[in-house]
Amino acid sequence: MSSKYEFKLELTRYKEIPLDKYGKNFVFIVNEKRYQTCRLVADLLSPTICQLHYSDPTINEFHINTRNVGNFQHILNLTNFDNNIISESEIPFINEILKILNNNSIQIHIPEESLTTSNAFELLKKHQLYGQFYSPQLQKDIEFISTHFCDLN
């Protein structure tokens, strides 16, 4: 009887690929500013763009207009697969970009804030606004407010 063995290529190998050496044959135009990258990066960052490439492999640019201001380079930097740092002020922009790119694979780890009766509603509003990143905290907010309802103004 023959045994079957599994094997796979580890994602860590991807980190070793010098993406900056590939031709910058794709352009994100974000709020009128151009960000050049390679097509592979565009496909990794956006299932929407990846799907467009199935339909038309010649697509080489993608236009994005946002209400919020931010630096799209932070999104491109994610292809290093390391933890990247952004400020809290960038979250609305990042959130908007991720929705446009249709990307649910990018995670923002937000430090938990201490809930108190004086900040519970403020944090609840903030967490609702960016629910995609705050979903575990959002549940804690609701539980805290419901158990401390008599103490809240």
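Residues numbered from 1 in each chain as written. Predicted model: local features only at pLDDT ≥ 70, side-chain atom pairs only at ≥ 80, totals over all residues. Heavy atoms only, no water.

In this structure, the largest pocket spans a volume of roughly 830 Å³. Every residue lining the largest pocket is counted, 30 residues in all, and those nearest its centre are Leu78, Asn84, Ile106, Gln107 and Ile108. Here the lining of the largest pocket is built from residues that sort into 15 nonpolar, 11 polar and four charged. Considering the residues around the second largest pocket, the lining is formed by 17 residues, among which Leu19, Asp20, Thr37, Val41 and Thr79 are closest to the centre. Contributing elements (two or more residues each) for the lining of the second largest pocket: helix H1 (12–15), strand E2 (33–37) and helix H4 (73–76). Looking at side-chain class alone, the lining of the second largest pocket contains eight nonpolar, six polar and three charged residues. (1 Å grid on protein atoms, 1.4 Å probe; cavity = no way out; pocket = protein on both sides within 12 Å on 5 of 7 lines; lining within 4 Å. Points joined across faces, edges and corners; volume = space filled by probe spheres on them. Nonpolar A, V, L, I, M, F, W, Y, C, P; charged D, E, K, R; others polar. Helix = DSSP H or I, 4+ residues; strand = E, 2+ residues; numbered from the N terminus.)

Mapped onto the elements, Asn83 comes out in the loop between H4 and helix H5 (91–101). With a relative accessible area of 76%, Asn83 lands in the exposed category. (Buried < 20%, exposed > 50% of the residue type's maximum accessible area, 1.4 Å probe, protein only.)

Looking now at the pairing of strand E1 (residues 26–30). Within E1, five of the five residues are buried, leaving the element largely enclosed by the surrounding structure. Burial along E1 is two-sided: the residues Phe26, Phe28 and Val30 and Val27 and Ile29 are all buried. As defined by bridge partners, E1 adjoins E2 across five bridges and the pair is classed as antiparallel. The partner of Val30 across the bridge, within E2, is Lys33. In this antiparallel pair of consecutive strands, E1 and E2, the connection spans two residues, and Asn31 shows a positive phi of 50 degrees. Bridging between E1 and strand E3 (residues 61–64) involves four bridges; their strand directions are parallel. Of the residues in E3, the one forming a bridge with Val30 is Ile64. (Pairing = 2+ DSSP bridges.)

So yeah, pure geometry; function would need other evidence.
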